[in-house]
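Examining the three-dimensional arrangement
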Amino acid sequence: MLPHSGLSKPEWDELKSLQKKQKVERDCAVEIDRESRTAAYERYFERKPDDYSGHNFAKWSDAGKYLGRQFYELLAEERFDEEQFAGSAFLKRPATANAPAISLADSRYKPKVVTWINLVSTPNPSQEFTQHLVKSLESAWDKRSGGNGTTEWLWDKKEFSARLSFEPVAAEGPFLGLVINSK
């Protein structure tokens, strides 16, 4: 018997084998469901589904409007959840089908005043999504001032600096993150 398991070595090996087979079966069922939904979407809408056509990319570049604003003003105008972490206050709102998740933070020098903004895409953004987002940001903020143009884009404006980055490793899958800092 293996310690703390109550199973003998052959029973333990059989359990692990069954668990592997169950995982393969679940993965197959998920893929079949995804393919079925994609086919149904294509039949109904007569086009392939994408992650960018209904997305409001202006939400990303417009987020700079929060910089310098008091938390109480924002809470009176919009819905945010308020949180505290490591001495900072945050206003947060989850992603929707057409807008990114957003976090607004203060600093110890300016309590309850937005000095930092973080926007996050839904997991696994397509290349087309990334291209549309970069084009939208460049349209609003002019051409980027730095970054490699494939996984990082930088803007240095008079009022703020911004960094868009593709994060390839995350629990729910790769994502795009945009951090905007006030100057």
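Look above for the structure.
What this report covers is the structure whose coordinates are included nearby. None of these values were measured; they are calculated from a predicted model.

Calculation notes
Residues numbered from 1 in each chain as written. Predicted model: local features only at pLDDT ≥ 70, side-chain atom pairs only at ≥ 80, totals over all residues. Heavy atoms only, no water. Helix = DSSP H or I, 4+ residues; strand = E, 2+ residues; numbered from the N terminus. Core = buried A, V, L, I, M, F, W, Y, C linked by side-chain atoms within 4.5 Å. Buried < 20%, exposed > 50% of the residue type's maximum accessible area, 1.4 Å probe, protein only. Contact = heavy atoms within 4.5 Å. 1 Å grid on protein atoms, 1.4 Å probe; cavity = no way out; pocket = protein on both sides within 12 Å on 5 of 7 lines; lining within 4 Å. Points joined across faces, edges and corners; volume = space filled by probe spheres on them. Nonpolar A, V, L, I, M, F, W, Y, C, P; charged D, E, K, R; others polar. Phe/Tyr/Trp six-rings, centres within 6.5 Å; stacked < 30°, edge-to-face > 60°. Lys NZ or Arg CZ within 6 Å of the ring centre and 35° of its normal.

On to the environment of Ser-182. The topology assignment puts Ser-182 in strand 7 (residues 175–182). A C-alpha to C-alpha distance of 22 Å links Ser-182 and Glu-167, two positions 15 residues apart in sequence.

Once that is clear, we can look at the nonpolar core. Counting residues in hydrophobic clusters, the biggest one holds 28 residues, and the most contacted among them are Trp-60, Tyr-66, Leu-104, Ile-117, Leu-164, Leu-178 and Ile-180. Mapped onto this core, the elements with two or more residues apiece are helix 3 (71–77), strand 2 (88–93), strand 3 (101–105), strand 4 (116–120), helix 4 (127–141), strand 5 (152–156), strand 6 (160–167) and strand 7. Among the elements that make up this core, the one with the highest residue count is helix 4 (five residues). Once residues within four sequence positions are removed from consideration, Leu-164 is found in contact with Trp-60, Leu-133, Val-134, Leu-137, Thr-151, Glu-152, Trp-153, Trp-155, Leu-176, Gly-177 and Leu-178.

The volume enclosed by the second largest pocket comes to roughly 210 Å³. Lining the second largest pocket are 13 residues, and of these Lys-59, Tyr-66, Glu-78, Arg-93 and Ala-99 lie nearest its centre. Looking at the lining of the second largest pocket residue by residue, the class counts come to seven nonpolar, one polar and five charged.

Evaluation of the coordinates by the stated rule reveals five aromatic pairs. Both rings, one in Phe-57 and one in Phe-129, keep their centres 5.0 Å apart while their planes meet at 55 degrees; by these two values the pair is tilted. One end of the pair, Phe-57, is in the loop between helix 1 (9–45) and helix 2 (58–62); the other, Phe-129, is in helix 4, and 72 residues separate them in sequence. Exposure remark for Phe-57: the relative accessible area of 9% places this residue in the buried category. For the cation-ring pair, Lys-92 lies above Phe-90, with the distance from its terminal atom to the ring centre recorded as 5.5 Å. Sitting over the ring of Phe-80, Arg-93 keeps its end group 4.3 Å from the ring centre.

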